[in-house]
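Coordinate analysis (summary)
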Amino acid sequence: MCGIVAYIGNREACPLIIKGLKRLEYRGYDSSGVALIEDSELNIYKKKGKVSDLESQLTDKNLNAKIGIGHTRWATHGEPNDVNAHPHFSNDRKLAIIHNGIIENYAAIKQNLIQKGHVFQSATDTEVLIHFIEDIQKETGTSLEEAVRLALLEVVGAYAIVVMSVDFPDQLIAARKGSPLVIGVGKDEFFFASDATPIIEYTKDVVYLDDYEVAVVRDGKLSIQNLDNTQKVPYIQKLEMELETIEKGGYDHFMIKEIFEQPRSIADSMRGRVRADEAHLQLGGLANYIDKLAASERIVIVGCGTSWHAGLVAEYLFEELARINVEVEYASEFRYRNPVIKENDIVIAISQSGETADTLAAIELAKSKGATIFGVCNVVGSSIARASHAGAYTHAGPEIGVASTKAFTAQVTVLTLIAIATAKRKGTISEETYRQLLVELETIPAKVEQVFENAAKIKEIAFIFTYARNFIYLGRGLNFPVALEGALKLKEISYIHAEGYPAAEMKHGPIALIDEDMPVVFLATKDSSYEKIVSNIQEVKARKGRVIAIVTEGDTLIPTMVDFVIEVPKVHEILTPLVSVIPLQLLSYYIAVMRGRNVDQPRNLAKSVTVE
Ligand code: M6R
């Protein structure tokens with residue numbers, strides 16, 4: 001969604017902000033802009049399109065401001081164009097604002113301001129907010145900081161904002177509710193951003209702003225207060241992120257880099273948690289809650305997109321290993337139902353970004369009904385991580401490609417650890433199975449590496465199907481969510497229509513689609529449903545469908561039946577998704593590249609969906 005970067009200090013603000021906006025490009029956007037104060041003037045430059053379009057507009061200008069705010073916009077109110085791009089001016093053009101989120105009651109505020117003579121340039125809710133701040137400041141004669149606070153007490157919705165004033169060129173004011181904002185603390189300089197990626201190369205000292213907090217940098221000092229006016233001591237944390245993790249490192253796209261990073265990211269998600277030789281499994285964040293998990297009668301898992309698919313995998317794991325009843329819900333549906341949640345229910349919220357608005361709202365709803373919330377997030381310090389009672393980070397490292405890849409396998413890894421730990425505590429698995437699973441888990445990174453040996457073959461298959469118009473993905477058991485994930489990966493980056501189904505469901509409708517033009521990807525690894533999936537393959541072949549089968553190495557039957565096979569190493573059945581998803585990620589990547597798609601930033605999509 002929108003990206004925010006702001007700077008105040010002794011460096012040149014403009015190039016730093018542009019670089020920061022480029023680091024946030026992965027979040028998805030349609031226009032960008034900067035506001036700078038120089039020579040006692042507040043100027044705004046904005047442009048529809050890429051940050052590089054904005055940059056070209058700025059090249060012939062001699063900009064040496066030491067304070068500025070910048071923004072990438074993902075349109076909500078008003079079409080993507082130069083006028084609706086942020087920053088926005090106040091009526092007297094003395095204030096400028098950038099905003100991520102939605103002001104829900106903007107229409108009523110706007111109407112009132114129009115009656116007072118305000119003239120609006122854009123169709124955005126954000127412009128209304130800065131006019132409102134200006135109006136309060138003028139009517140009450142109060143400070144800008146107080147006007148921001150008073151305005152925010154009136155607005156309904158979500159926001160992360162940064163405001164600056166030409167009258168106070170040593171001041172930046174920021175606030176958040178429901179949209180992330182990180183403040184980098186340097187020597188005599190401060191950075192504001194939607195996530196830490198624009199900040200990391202300048203400082204590792206950061207403050208994560210909480211909801212309802214207003215941060216003010218004035219005269220080189222940072223102060224934070226709540227909307228209710230109580231002062232807070234800024235809590236400075238050290239970033240653990242390294243710069244190289246947010247750069248492409250020689251790869252053509254972040255997505256392929258992230259696919260190939262999986263042996264390491266899976267190992268990282270187990271690091272310090274699993275030691276098979278000592279039969280040790282411990283997740284620090286869950287230590288105080290493991291008894292509660294083991295005693296629970298029901299777990300509700302909420303998430304969206306790929307994270308929801310990881311939740312479906314977890315459903316099988318918790319039911320199979322820990323014998324706990326699990327329901328997996330789209331967060332967006334859950335939050336608007338009147339779900340039955342009891343006090344001893346456990347809700348597991350899964351999110352790579354930790355900022356997904358629907359997942360956050362689902363957590364708040366479940367919390368209000370007394371449930372205990374476990375967050376499984378990738379981004380450290382994110383809103384969902386902080387809104388949860390306990391949790392486990394996935395430690396996959398920054399995921400920049402919009403298509404989630406390493407985040408999925410890290411989520412599945414961590415959920416597997418939680419399920420095994422719960423089962424152990426509950427006594428629903430034998431000591432032998434427990435030890436065997438830990439040993440097998442430690443072999444997964446090497447087995448994922450082995451799947452990469454098939455990359456050239458997968459590329460050839462991608463070439464053959466580059467211009468397919470539809471795809472069907474079929475799997476059973478633990479491979480059913482993998483089929484859904486494979487279809488999602490393909491559709492979101494190649495724009496090919498793709499559907500995932502449980503293989504047995506095919507004969508209840510989708511089989512009507514099968515003909516010689518329909519590629520069907522079967523997840524057909526050697527597991528407890530192998531014989532059944534063989535029958536499903538026969539059903540598709542009988543109707544001339546073109547079958548690509550993901551099989552266990554050494555399988556001699558399925559290769560005789562299908563058009564293409566991709567082998568994956570043998571793993572314990574419980575761990576199947578961690579290897580069977582890899583060829584599907586590669587297939588969708590290669591097809592998208594061959595179709596000339598913008599793989600890392602597919603159309604209409606944002607990495608972090610902070611609006612509902
Ligand atoms: O950050 P989250 O995991 O909460 O995001 C949820 C979905 O928006 C996300 O998984 C989305 O479906 C990805 N683009 C899938 O690749």
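For clarity, every value in this text was computed on a predicted model and none was experimentally measured.

What counts as what
- Residues numbered from 1 in each chain as written.
- Predicted model: local features only at pLDDT ≥ 70, side-chain atom pairs only at ≥ 80, totals over all residues.
- Heavy atoms only, no water.
- Helix = DSSP H or I, 4+ residues; strand = E, 2+ residues; numbered from the N terminus.
- Rg over C-alpha atoms; globule rule 2.2 N^0.38 Å.
- Buried < 20%, exposed > 50% of the residue type's maximum accessible area, 1.4 Å probe, protein only.
- Contact = heavy atoms within 4.5 Å.
- Areas by Shrake-Rupley, 256 points an atom, 1.4 Å probe, with all protein chains shown as cover.
- Lys, Arg positive; Asp, Glu negative; His and termini not counted.
- Charge placed at Lys NZ, Arg CZ, Asp CG, Glu CD.
- Axes fitted to C-alpha atoms, helices over the stretch in contact; angles between N-to-C directions.
- Parallel < 35°, antiparallel > 145°, perpendicular 65-115°, else oblique.
- Nonpolar A, V, L, I, M, F, W, Y, C, P; charged D, E, K, R; others polar.
- Pairing = 2+ DSSP bridges.
- Right-handed = clockwise from strand over helix to strand, strands pointing away.
- Near = heavy atom within 4 Å.
- Polar contact = N/O pair within 3.5 Å; in protein donor to acceptor, adjacent residues only side chain to side chain.
- Salt bridge = Lys/Arg side-chain N within 4 Å of Asp/Glu carboxyl O.
- 1 Å grid on protein atoms, 1.4 Å probe; cavity = no way out; pocket = protein on both sides within 12 Å on 5 of 7 lines; lining within 4 Å.
- Points joined across faces, edges and corners; volume = space filled by probe spheres on them.
- Domains from an automatic or database assignment.
- Buried area = accessible area lost by both parts, 1.4 Å probe.

1. Describing the overall build of the protein
- A tally of regular secondary structure across the protein gives 18 helices and 27 strands.
- Scaling as 2.2 N^0.38, a compact globule of 612 residues should have a C-alpha radius of gyration of about 25 Å, and the protein matches this with 26 Å.
- The principal-axis extent of the C-alpha atoms belonging to the protein is close to 80 × 50 × 45 Å.
- Per-residue burial for the protein yields a buried fraction of 60% across its 612 residues.
- In the protein, the share of contacts with a sequence separation of at least 24, taken over all contacts with a separation of at least 6, comes to 71%.
- As presented, the protein carries roughly 23,300 Å² of accessible surface, and 48% of it is formed by carbon and sulfur atoms.
- Charged side chains in the protein number 65 positive and 81 negative. The centres of these two groups are separated by 2 Å.

2. Quick look at the packing of helix H7 (residues 262-270) against helix H14 (residues 431-452)
- Interhelical geometry of H7 versus H14 gives an angle of 170° and a closest axis separation of 8 Å. With respect to H14, the axis of H7 lies roughly antiparallel. Judged by residue contacts, Gln262, Pro263, Ile266, Ala267 and Met270 of H7 engage Leu441, Glu442, Ile444, Pro445, Val448, Glu449 and Phe452 from H14.
- Residue composition of the contact of H7 with H14, by class: nine nonpolar, one polar and two charged.

3. Observations concerning the pairing of strand E21 (residues 372-377)
- Among the six residues that make up E21, six are buried, leaving the element largely enclosed by the rest of the structure.
- Alternating positions in E21 separate into two faces, Thr372, Phe374 and Val376 on one and Ile373, Gly375 and Cys377 on the other, with burial throughout.
- Relative to E21, strand E20 (residues 346-351) runs parallel, the two being bridged by six bridges. Across the sheet, Ser351 pairs through a bridge with Cys377, a residue of E21.
- Once you follow E20 into helix H11 (residues 357-368) and on to E21, the crossover reads as right-handed.
- Pairing between E21 and strand E22 (residues 390-393): four bridges, direction parallel. By the bridge assignment for E22, Cys377 is matched with Tyr393.

4. Considerations on the site of the ligand
- Within the structure, the ligand sits among 15 residues, and Ser307, Ser351, Ser353, Thr356 and Glu492 are positioned closest to it.
- The side chain of Ser307 places a nitrogen or oxygen atom 2.6 Å from an oxygen atom of the ligand.
- The contact in question runs from an oxygen atom of the ligand to an N or O atom on the backbone of Ser404, over 2.8 Å.
- Burial of the ligand by the surrounding chains reaches 91%, relative to a free accessible area of 410 Å².
- Breaking the shell around the ligand down by element, the ones donating at least two residues are helix H9 (305-322) and helix H16 (479-494).
- Grouping the amino acids of the shell around the ligand by side-chain chemistry returns five nonpolar, eight polar and two charged.

5. Comments concerning the sheet that holds strand E15 (residues 237-238)
- Strand order in the open sheet formed by eight strands is E3-E2-E4-E1-E10-E9-E11-E15, with antiparallel pairing between adjacent strands. Edge positions in the open sheet fall to strand E3 (41-48) and E15, since each of these has one partner strand only.
- Strand direction decides the pairing type here: strand E1 (residues 3-8) and strand E10 (residues 190-193), joined by four bridges, are antiparallel. Bridging from a neighbouring strand, Val5 pairs with Ala193 of E10.
- In the packing of helix H1 (residues 13-23) onto the sheet, contacts are made with E1, strand E2 (31-38), strand E4 (67-73) and E10, and the angle to E4 comes to roughly 25°.
- Strands E2, E3 and E4 of the sheet are contacted by helix H2 (residues 51-58), whose axis makes an angle of about 135° with E3.

6. A closer look at the side chain of Asp600
- With respect to the secondary-structure elements, Asp600 resides in the segment after helix H18 (576-594).
- In this structure Asp600 is buried but unpaired, with Lys248 as the nearest side chain of opposite charge at 4.9 Å.
- A distance of 2.9 Å separates a polar side-chain atom of Asp600 from the backbone nitrogen of Met255.
- Once you skip the residues sitting within four places of it in the chain, Asp600 turns out to touch Lys248, His253, Phe254, Met255, Gly401 and Val402.

7. Looking at the packing of helix H13 (residues 406-426) against H18
- Where H13 contacts H18, the axes come no closer than 10 Å and their chain directions differ by 170°. In this view, H13 runs roughly antiparallel relative to H18, as classed from their interaxial angle. Of the residues in H18, those touching H13 at Phe408, Thr409, Val412 and Thr413 are Leu578, Val581 and Ile582.
- A breakdown of the residues in the contact of H13 with H18 according to their chemical character gives five nonpolar, two polar and no charged.

8. Looking at the layout of surface pockets
- Within this model, the largest pocket holds a volume of roughly 800 Å³.
- Lining of the largest pocket is provided by 41 residues; of these, Met241, Asn378, Val380, Gly397 and Pro398 occupy positions nearest its centre.
- Sort the elements by how many residues they give to the lining of the largest pocket and H7 lands first, with three residues.
- Class assignment of the residues belonging to the lining of the largest pocket gives a composition of 14 nonpolar, 13 polar and 14 charged.

9. Some words on the pairing of E20
- Along E20, six of the six residues are buried, which leaves the element largely enclosed by surrounding structure.
- Of the two faces of E20, the one carrying Ile346, Ile348 and Ile350 and the one carrying Val347, Ala349 and Ser351 are both buried.
- Relative to E20, strand E18 (residues 298-303) is paired through four bridges, and the arrangement is parallel. Across the sheet, the residue bridging to Ile299 is Ile346, located in E20.

10. Concerning the domain arrangement of the protein
- For the protein, the domain assignment lists domain 1 (3-245), domain 2 (248-452) and domain 3 (454-600).
- On a C-alpha basis, the centres of domain 2 and domain 3 stand 24 Å from each other.
- Taken together, the 39 residues of domain 2 in the interface contact 34 residues of domain 3.
- Taken together, the two surfaces of domain 2 and domain 3 that pack against each other cover about 3,100 Å², and 73% of this comes from carbon and sulfur.
- Taken together, the connections running from domain 2 to domain 3 amount to zero salt bridges.
- Mapped onto the side of domain 2 that touches domain 3, the elements with two or more residues apiece are helix H6 (254-260), H9, H13 and H14.
- Residue composition of the side of domain 2 that touches domain 3, grouped by class: 21 nonpolar, 13 polar and five charged.

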